[in-house]
Amino acid sequence: MKENSLYQLAQTLQNNDFAKQEASDFVQAIKQKMEQDYLCKIRTAASAQKEAAIAHPPKEVTLLRALSPFLDSQGQQQIQLLCRTLMLRHTVSQITQNVQHLSADGSFLETRSQQNGENTPPLSAQAIQTAGLLTILSVLQEF
């Protein structure tokens with residue numbers, strides 16, 4: 001019986017296809033976990049920031065959009081590009097402000113979550129800044 005088990009193990013180790021499939025399955029599982037735990041949350045945060053910026057554009061964008069119908073097609077394209085750039089700048093600015101507020105209010109949020117019966121560890125400044133940076137990078141892809 002021992003020789004049979006040893007034989008099967010030797011066959012498994014010799015089979016390169018098995019190792020390749022196992023490695024491929026492992027990489028795929030990691031990708032799925034990263035997508036589920038991190039990338040979806042980053043994209044959701046970026047989309048929310050973009051939607052907030054679109055819902056409340058800066059005054060400059062509103063003014064440029066109002067002027068756009070009075071321009072020729074080349075001028076309208078330039079206005080569109082400028083509005084897109086201003087909206088991106090506005091969105092990044094909003095994310096930066098949110099990071100600053102969250103960093104300043106971190107202890108308040110921790111106290112509030114503990115009062116609600118949640119036992120969450122306090123957010124570190126590094127985690128808050130990383131979340132902001134990842135959100136900004138994702139927003140750059142959306143504009």
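All figures in this text were calculated on a predicted structure; none of them were measured in a lab.

What counts and how
Throughout, a residue's number is its position along its own chain's written sequence, starting from 1. Reporting of local features is limited, given that this is a predicted model, to residues whose pLDDT is at least 70; pairs of side-chain atoms are given and counted only at 80 or more, and all residues count toward the totals for whole chains, interfaces and linings. Side-chain measures were taken over the full set of non-hydrogen atoms in the model, leaving aside hydrogen atoms and water. Segments assigned H or I by DSSP are reported as helices when at least four residues long, segments assigned E as strands when at least two residues long, and all are numbered from the N terminus. For each residue, the accessible area found with a 1.4 Å probe, counting protein chains only, is set against the maximum for its type, and the residue is called buried under 20%, exposed over 50%, and partly exposed in between. Here the open area of atoms and residues is found with the Shrake-Rupley method and a 1.4 Å probe, where only the protein chains shown may cover a residue. Among the buried residues, those of types Ala, Val, Leu, Ile, Met, Phe, Trp, Tyr and Cys that are joined through side-chain atoms within 4.5 Å form a nonpolar core. In this analysis, two residues are considered to be in contact whenever any of their non-hydrogen atoms come within 4.5 Å of each other. Charge convention: Lys and Arg are scored as positive, Asp and Glu as negative, and His as well as the terminal groups of each chain are ignored. One speaks of a salt bridge when a side-chain nitrogen belonging to Lys or Arg is within 4 Å of a carboxyl oxygen belonging to Asp or Glu.

Caption draft 1: Layout of the overall build of the protein chain. On a plain count of helices and strands, the protein chain comes out with six helices and zero strands. Ordered by position from the N terminus, the helices and strands of the protein chain form the series α-α-α-α-α-α. The burial tally for the protein chain puts 19% of its 143 residues in the buried class. For the protein chain, the computed accessible surface area is about 11200 Å², with 57% contributed by carbon and sulfur atoms.

Caption draft 2: Here's a closer look at the nonpolar core. Core analysis: the biggest nonpolar cluster contains 14 residues, and Val61, Leu64, Cys83, Met87, Ile95 and Val139 have the highest contact counts within it. Mapped onto this core, the elements with two or more residues apiece are helix H2 (16-55), helix H3 (59-67), helix H4 (73-104) and helix H6 (125-142). Among the elements that take part in this core, H4 stands out by supplying six residues, more than any other. In contact with Val61, other than residues within four places in its own chain, are Cys83, Leu86 and Met87.

Caption draft 3: Structural view of the side chain of Lys50. Take Lys50: it is sitting in helix H2. At 4.2 Å, Glu142 is the nearest oppositely charged side chain to Lys50, a buried residue that forms no salt bridge. Those residues within four positions of Lys50 in sequence are excluded, and the remaining contacts are Thr91, Glu142 and Phe143.

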